[in-house]
Structures are given as C-alpha cells and as structure tokens.
Amino acid sequence: MDAERTVPTSSNFINAFQLIAMNNDLDLSGLFEEEDDNIQKTKLGSKNTISDTFKKIEAAANDLSLSIQRQNNKIKIHPGRSFARCSRSHSNLSAEVIEVAPAHCVVEICKSAGELSVYKEFCKSLSSLLTEKSSIASVAPDAADLSDESQETASSEEEVNGSKDPRGYSSS
Amino acid sequence: MSECIDGLRHLFSSILKCCDLEESRGPVDPELLARETVFSVSEIEALYELFKKISSAVIDDGLINKEEFQLALFKTNKKESLFADRVFDLFDTKHNGILGFEEFARALSVFHPNAPIDEKIEFSFQLYDLKQQGFIERQEVKQMVVATLAESGMNLSDDVIENIIDKTFEEADTKHDGKIDKEEWRNLVLRHPSLLKNMTLQYLKDITTTFPSFVFHSQVDDT
C-alpha cells in the first residue's frame, strides 16, 4: 500500500507543523514581491489518494492539450504536446501534491511565468476534476506524453478508488 | 545632494529629540544594526529602502502599522490573519503596535539564510505558541491546522484533523505531557528541518540588488 509514495514519510499523515508551514500567511516573501501577475499560486484540496490526484492532474492537463513532466511529487506543465527541450517555452507552471492524510491531498499550483489564461484554465479544469464524485474511469494517458522521472508503475493498476468515503484512511 | 541629506538628518534628529520618540525611524546607526544582526551595512541600507516603501503606504510616518504590514504581505489590507497578527506581534518587540526600522531589521535578520538556526527555532516556537504560555498545546496546533486547511480549500473531517495532530504529538511530545515545550520543539525541527522552511527568506540574500540604496551611502562615509 505504501509502495506508491516516493517521498518517505513515517505515516500517511502529514506532520501538523509541516501543514502549518504551508500556510501562505506565514510566507513573508510577500514583503519583497511586487503585485505581479507573473507569480500566481493556488491551493486545491483533493479527497483522493496521491496517485489518483496525479491522474487527475494529468487529465486536467490533457484536457487543455498541455504536456506534463513528473518529478517525484511535482508535475511541470508545458504548453503543447511536444516536450522536447527546445520547446520548453517561457511558461513556468507546476503542480505539487502534498499528502495530508490517506486519501487527502493538497495540490499547490504555481505559475512563475507564462500566460495567466493558461494558469487559470488549468486551475479551473483541475478543480472541477477534483470535486468530481465519480472515480476516474478512463484517464487513458497517452503514454507518449508522460515522462515520469520516477516510474510509478504500481499506481496505474489502482483504478479502484478504495477510500472515497470522507473517513477514508486505513486504520492506524 | 549630500547637503540636502545632511539637512534632512539634522532635521530628523532634532525632531526626534523634540518629540522624544522611542522609535528609531531611519537607520540612525546602520553600523550598530549591522553588528547586531546578520546583515551587512549595505544590506541594512537596502532594507531601509524596503522599510520606507512599506511604511509610507498608508500613513507616511516612517513607521509600519498593522495595516501597512498586511498590505505589504498580502497586497490587501482586507485580510484578517491569525498568523500575520502573530508575526507582527513578534516583530513588535516594544509592544506599541507599530514597527520602527530597528524592530523591522532585527526581526528580518532571523529570516536571513545565514541566521543561526537557534534564532529560527526560537522565533518559530514563539510564533506557534499562540497564547504565549511557553509551550505549544494541542488546541493551538488544532487552531493553526484548521486555519491552514481553510486557506487551502480543504475540508477535512474532525477525525482526520485529530489524527494528524495525534501523529504529530506522538512524535513531538516526547515527555508525554500533552504539550510541546521549547526543547521538544527544538528536537523536532532538528529532525525535520523542512519544518522551518518558512523561517528563511532567500530574498534577503539579494536585497542589495532588489533595493539599491543610493541615498545613505554618504551617511556611512561621514564621521
């Protein structure tokens, strides 16, 4: 059950202070930043496991014809289907998944360059996927588009969203 | 230009004497501050440029009030925030509801990448000790977790939240007294340094380039 997690944690529950440290209100870098359309951040809640959350991110990206590149718990999102190095455009959009409890994750979407509209559409697309009650039946990833730097083969078998009920966590 | 500055300085210092102000508005002694913080003199001067910008946003009085602080952090003064209040209170070592430059610089010094980790540990402990009782209790942790989840748009059941806190206390509360004291906090963050990630602002390393100060160079050169 724990094989899918690449980041070693002692349990499926995030440390409370780790969670607290994610709070934007504690991020004083705002003092140094100008109000800037370039830098945008959003957090979305996901009542899914980490792997399901990743699938939804992939689906949201696919829906908008964006290609993705996964590095551990972070997905980099690029416009266009080609992910050859030279086509890495000026866009800098990423989604990071943080597991908070079993079947509960927070997705941090961050844009530090690139078009605001792409970012907004992606957030919207992902947000609606995350709030969907149904399981992700056919996220048939175009395998060619995915370039996993950490192969997560186990997760692809997990079509079953076992823990969908709000108290979905394995007994500790 | 430097005559102008001199004139201003004299004006300033006479005003200060006249009003018997406790707050130091400007880098009255950047070298002193540089000695007592992690910043260099030029970084203090650059920091002062930032301070001026922030402190003039609402009332141009050379001091940062809570509203200006919120404005600087969130780009809006409409946001109530438990954490921003705590941070402001910790910056406000004189407890008079406003931040002078000295308080500003000394507090930010803790966030410098080169600041000693002990300072970061101390600051963060006080930050989370909402009721300032000298320990972090469960209820305070819960309050902060709930506030953070709300901000993330996450709606967790109470059970899940309790589980998160249980696990945290299992690890942190080595004395099993239901509270996290300073020593336990220290041990926890030394094991998990990422817990202090919000206690470091990389921006502070580049502050002289972000906020070049032209004006006060002459002050340093003067004897």
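Residue positions are given per chain, counted from 1 along the sequence in the order it is written. Labels are handed out in written order, letters beginning with A for the chains and numbers beginning with 1 for the ligands. Local features in this predicted model are restricted to residues whose pLDDT is 70 or higher, and side-chain atom pairs enter the listing and the counts only when it is 80 or higher, whereas totals over whole chains, interfaces and linings include all residues. Think of the side-chain values as coming from all heavy atoms in the structure, minus any hydrogens and water.

As annotated in an unreviewed UniProt entry, chain B carries the name Calcineurin B-like protein and comes from Trapa incisa. Within the UniProt record for chain B, the comment given under Subcellular location (unreviewed entry) is "Membrane". UniProt positions are given in the numbering used here, feature names are shortened, and annotations may be inferred rather than shown by experiment.

With an unreviewed UniProt entry as reference, chain A is termed non-specific serine/threonine protein kinase, source organism Trapa natans. Turning to chain A, the UniProt annotation filed under Sequence similarities (unreviewed entry) states: "Belongs to the protein kinase superfamily. CAMK Ser/Thr protein kinase family. SNF1 subfamily." Of chain A, the UniProt comment under Cofactor (unreviewed entry) reads exactly: "Mn(2+)".

Novice: Is there a simple way to think about the UniProt feature "domain: EF-hand" (unreviewed entry) in chain B in this case?
Specialist: Listed under "domain: EF-hand" (unreviewed entry) in the UniProt record, and renumbered for this structure, are residues 79–114, 116–151 and 160–195 of chain B. The helix and strand labels rest on DSSP assignments: H or I over at least four residues marks a helix, E over at least two residues marks a strand, and numbering proceeds from the N terminus. Here residues 160–195 of chain B is 64% helix and 8% strand, with 21 Å between the C-alpha atoms at its ends.

Novice: Honestly, the interface of chain B and chain A in this entry has me stumped. Any pointers?
Specialist: In many analyses, interface size is given as the accessible surface area lost on bringing the parts together. Contact between two residues is taken to exist if any of their heavy atoms lie within 4.5 Å; hydrogens are not considered. The partner chain A presents 38 residues to the 51 residues of chain B that form the contact. Put simply, buried area is the surface a 1.4 Å probe can reach on two separate parts but cannot reach once they are joined, added for both. The contact between chain B and chain A buries some 3,900 Å² in all, and 67% of this surface belongs to carbon and sulfur atoms. Counted as salt bridges are all cases of a side-chain nitrogen of Lys or Arg within 4 Å of a carboxyl oxygen of Asp or Glu. Across the contact surface, chain B and chain A share one salt bridge. Here A:Lys43 and B:Glu151 are joined by a salt bridge, their closest N and O atoms 3.2 Å apart. Polar contacts, as counted here, are pairs of nitrogen or oxygen atoms within 3.5 Å of one another; within protein the pair requires one atom able to donate a hydrogen and one able to accept it, and residues that are adjacent in sequence qualify only if both atoms are side-chain atoms. In this structure, the connection of chain B to chain A is made through ten residue pairs in polar contact (both at pLDDT 80 or more). Residue assignment for the side of chain B that touches chain A shows that the elements contributing at least two residues are α3 (41–55), α4 (66–74), α5 (82–91), α7 (117–128), α8 (138–151), α9 (158–172) and α10 (182–191) of chain B. Here the term charged refers only to Asp, Glu, Lys and Arg, the term nonpolar to Ala, Val, Leu, Ile, Met, Phe, Trp, Tyr, Cys and Pro, and the term polar to all other amino acids, Gly among them. For the side of chain B that touches chain A, the residue count by class is 33 nonpolar, ten polar and eight charged.

Novice: Whenever I open this one, the pairing of strand β5 (residues 104–113) of chain A confuses me. Can you help?
Specialist: As a general feature of sheets, a regular strand has side chains that alternate between the two faces. Residue and element names in this part refer to chain A. Of the strand pairs in this sheet, strand β1 (residues 40–46) and β5 are connected by seven bridges, and their pairing is antiparallel. Across the sheet, the residue bridging to Ser 46 is Cys 105, located in β5. Sheet analysis places strand β4 (residues 92–101) next to β5, joined by nine bridges and oriented antiparallel. In the strand pairing of β5, Val 97 is matched with Val 107. Pairs of strands are assigned from DSSP output, requiring at least two bridges between the strands.

Novice: Quick question: what am I supposed to make of the packing of aromatic side chains here?
Specialist: Given two aromatic rings, their pairing is described by the distance between the two centres and the angle made by the two planes. Residue and element names in this part refer to chain B. Only the six-membered ring of Trp is used, alongside the rings of Phe and Tyr, when aromatic pairs are assigned; centres must lie within 6.5 Å, and planes under 30 degrees apart are stacked while those over 60 apart are edge-to-face, with the rest tilted. One pass over the structure, following the stated rule, counts 13 aromatic pairs over all chains. Each ring, one from Phe 91 and one from Phe 111, has its centre 6.4 Å from the other, and the planes form 45°; the classification is tilted. Within this pair, whereas Phe 91 is found in helix α5, its partner Phe 111 is found in the loop between α6 (101–109) and α7, the two being separated by 20 residues in sequence. One exposure class covers both Phe 91 and Phe 111, and it is buried. For the ring pair Tyr 128 and Trp 185, a centre distance of 5.5 Å and an interplane angle of 80° mean the geometry is edge-to-face. Note that Tyr 128 is positioned in helix α7 and Trp 185 in helix α10, a separation of 57 residues in sequence. Each residue's exposure class comes from its accessible area (1.4 Å probe, protein chains only) as a fraction of the maximum for that residue type: buried when under 20%, exposed when over 50%, partly exposed otherwise. You can call Tyr 128 buried: its relative accessible area is 1%. Taken together, Phe 69, Phe 88, Phe 91, Phe 111 and Phe 123 form an aromatic cluster joined through their ring pairs. Above the ring of Phe 135, the side-chain terminus of Lys 179 is found at 4.3 Å from the ring centroid. Counting as a charge over the ring demands two things of the Lys NZ or Arg CZ atom: a distance within 6 Å of the ring centre and an angle within 35 degrees of the ring normal.

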